[in-house]
Amino acid sequence: MGETQDLSRDLTHDIVPGLLPAGTPGVPVTLVSAADWAAVEAGLEPAQRAFAAATGFAPKAGRLALLPDAEGGLGRVLFGLGDPEAPAQDRLLAGKLPGLLPPGTYRLEGASAPHEAALAWLMGSYGFRRYRSGGTETPRLAAPEDVDADEIGRIAAAVSRGRDLVNTPANDLGPVEIEAAVRALAERHGARVGVTAGADLAREFPLVHAVGAGSPRAPRLIDLTWGSETAPRVTLVGKGVAFDTGGLDIKPSAAMLLMKKDMGGAAAAIAAADMVMGSGLPVRLRLIVPAVENAVSGEAFRPGDVLRSRAGLTVEIGNTDAEGRLILADALALADAEEPDLLIDFATLTGAARVALGPDLPALFTEDDALADAIAAAGRAAIDPVWRLPLHPPYASLLDSKVADLNNVSGGPFAGAITAALFLRRFAPRARAHAHLDLYGWNPSTKPGRPEGGEVQTARLVYALLKGRYPGA
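Keep in mind the model is a prediction, meaning the values are calculated, not measured. (Residues numbered from 1 in each chain as written. Predicted model: local features only at pLDDT ≥ 70, side-chain atom pairs only at ≥ 80, totals over all residues. Heavy atoms only, no water.)

**So, the overall build of the chain**
Secondary structure summary: the chain contains 15 helices and 19 strands in total. Rg of the C-alpha trace for the chain: 24 Å, near the compact-globule value of 23 Å for 473 residues, within the 12% margin. Along the first, second and third principal axes, the C-alpha atoms of the chain reach 80 × 50 × 50 Å. Put simply, 77% of the contacts in the chain that link residues at least 6 apart link residues at least 24 apart. Just so you have it, the chain exposes about 18,800 Å², and 53% of that area is on carbon and sulfur atoms. (Helix = DSSP H or I, 4+ residues; strand = E, 2+ residues; numbered from the N terminus. Rg over C-alpha atoms; globule rule 2.2 N^0.38 Å. Contact = heavy atoms within 4.5 Å. Areas by Shrake-Rupley, 256 points an atom, 1.4 Å probe, with all protein chains shown as cover.)

This is the structure:
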């Protein structure tokens, strides 16, 4: 294919280090709520108590106090939690600490959920520094007692790798580099990878080929498998649009500024797969990533084209900027053929989902009520929430075409996220349980444990779901 890039190159950078061993000496960081402030205050050294009072410390959420020791060094840190029972309380609040504390080693005290606090710390330590000169030393954390430090470290590292993929600009991350990331993942965990490209892609995955044909960076279908053939079959599919110009229905410039994140679904699926394999869950995992760049050229597909899909259905192109559902359609048809026990697809698919739910809440679509309940519960447990929207069958008629089996967009402005999900459902009719996740893949501003920039939304949720659904690792 004429590409000379080193496919073994792992494109992730600045991976958050694992926790230091429990018992490592460090400055104590006391997490203090309004309810227990009196007891904590009474236990401070007299000079520290006086210093806290003099600086006006109160245990409001996110409030910090650095207290000196007898020699004038840093002896203790107080960090306010506010009211942990308040509805708006952020369970990842401890993720603010790495951005507030000076370099050094610390240990947490008073955490009611030490697993959450330590994970928040590691996720808040993330920084994308690939293009910046010089290093930045970040505070280090000793593992709290009685937590699985390896587990927390694996989750944080997978999140960081996924964030790196989303944050990397498209000039350094195209379809071939997405393939490289999947190959690096496979090498870490002993998985197998197959890639379909070129003439084989045009024949076997015609929608993926059509969407990527306008770019000199060749499209491909990446297919990873791991685990025992006799284990429950779990398939994750991630939308891998390395950059989306909108195609011939070109986006305005302002709408293109964040389009390096249009492979956020692939990054989330890769991160979830990383967690699953790292923990050795007893599943037969399959990860499918259609990787393309939706560019403009004489080879680009056009509005009004009619394309045949892998599933045999013909699709009229109503808009070339609705390309994500096209590549997912072929990928879902591949996944559906083996009738997996659970099929989940991840995609930065529609602006309509963002209008409905904002950037922090991915939309969940599934016909399976029990699966929807389990996903919602896993999201709450993992602090990685979603919100279910309906797969309203009558809206399927909005995708009717006069010349093909269906159109890739609806004929009006309504229910865009729902019609996109209904489009995808046509290509996975046999899956025993199928969930579609329409996510944003980006933190517009920094929140505790969630720095501004690329985010692998729903990856931790899916890992928590699978860990609960398939125990025994």
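**Regarding the environment of R233**
Secondary-structure assignment places R233 in strand β8 (residues 233-238). A sequence separation of 90 residues divides R233 from E323, and the C-alpha atoms of the two residues are 28 Å apart. Residues in contact with R233, not counting those within four places in the same chain, are R284, E338, P340, D341 and L342. Within the structure, the side chain of R233 is placed 3.4 Å from the side chain of E229, a separation counted as a polar contact. (Polar contact = N/O pair within 3.5 Å; in protein donor to acceptor, adjacent residues only side chain to side chain.)

**Thoughts on the pattern of salt bridges**
Scanning the entire structure with this criterion turns up 32 salt bridges. A salt bridge links E338 to R233, with the shortest nitrogen-to-oxygen separation between them at 3.2 Å. Of this pair, E338 sits in the loop between α11 (324-336) and β13 (342-347) while R233 sits in strand β8, and the two are 105 residues apart along the sequence. Here E338 falls in the partly exposed class, since its relative accessible area comes to 22%. Given a relative accessible area of 22%, R233 falls into the partly exposed group. The closest approach of N and O atoms between R425 and E367, which form a salt bridge, is 2.9 Å. Of this pair, R425 sits in helix α14 (residues 416-425) while E367 sits in the loop between β14 (363-365) and α13 (369-382), placing them 58 residues apart in sequence. (Salt bridge = Lys/Arg side-chain N within 4 Å of Asp/Glu carboxyl O. Buried < 20%, exposed > 50% of the residue type's maximum accessible area, 1.4 Å probe, protein only.)

**So, the environment of G104**
Locating G104 in the fold gives a position in the loop between α3 (97-100) and β4 (105-109). Residue G104 is classed as partly exposed on the basis of its relative accessible area of 24%. Along the backbone, G104 and T458 are 354 residues apart, and their C-alpha atoms lie at a distance of 32 Å. Other than its neighbours up to four places away in sequence, G104 contacts P139 and R140.

**Quick look at the packing of helix α5 (residues 149-167) against helix α15 (residues 459-469)**
Two elements in contact, α5 and α15, have axes separated by 11 Å at closest approach and are oriented at 140 degrees. Relative to α15, the element α5 is oriented oblique. Here E151, I155 and V159 of α5 lie close against α15, whose contacting residues are R460, Y463 and K467. Residues of the contact of α5 with α15, tallied by class, amount to three nonpolar, no polar and three charged. (Axes fitted to C-alpha atoms, helices over the stretch in contact; angles between N-to-C directions. Parallel < 35°, antiparallel > 145°, perpendicular 65-115°, else oblique. Nonpolar A, V, L, I, M, F, W, Y, C, P; charged D, E, K, R; others polar.)

**Examining the UniProt feature "domain: Cytosol aminopeptidase" (unreviewed entry) in the chain**
In the UniProt entry, the feature "domain: Cytosol aminopeptidase" (unreviewed entry) is given for residues 319-326. Regarding residues 319-326, the helix share stands at 38% and the strand share at 0%, and the terminal C-alpha atoms are separated by 11 Å. (UniProt positions renumbered as here; feature names shortened; annotations may be inferred.)

**Here we look at a nonpolar patch on the surface**
The grouping of L248, I250 and V296 at the surface amounts to a nonpolar patch, some 260 Å² of accessible area in total. Summarising the element assignment, I250 is placed in the loop between β9 (240-244) and α9 (253-256). You can call I250 exposed: its relative accessible area is 51%. (Patch = residues over 30% accessible without salt bridge, like charges linked within 9 Å, V, L, I, M, F, W, Y side chains within 5 Å.)

**Quick word on the packing of α11 against α14**
For the pair α11 and α14, the least separation of the axes is 9 Å and the interaxial angle reads 30 degrees. Judged by the angle between their axes, α11 and α14 are roughly parallel. Crossing handedness for the pair α11 and α14: right-handed. For the pair α11 and α14, contact is made by R325, L326, L328, A329 and L332 and by A420, F423 and L424, respectively. Residues belonging to the contact of α11 with α14 are distributed by class as follows: seven nonpolar, no polar and one charged. (Left-handed = near helix turned anticlockwise from the far one by under 90°.)

**Focus: the pairing of strand β3 (residues 74-82)**
A large share of β3 lies buried, amounting to eight of its nine residues. In terms of strand pairing, strand β1 (residues 27-33) meets β3 through five bridges, oriented parallel. Paired with S33 across the two strands is G82, which belongs to β3. Inspection of the sheet shows strand β2 (residues 64-68) paired to β3 by five bridges, in the antiparallel sense. Counted as the bridge partner of A65 is L78 from β3. Once β2 ends, the chain turns through five residues before running back antiparallel as β3, passing G72 with a positive phi of about 90 degrees. (Pairing = 2+ DSSP bridges.)

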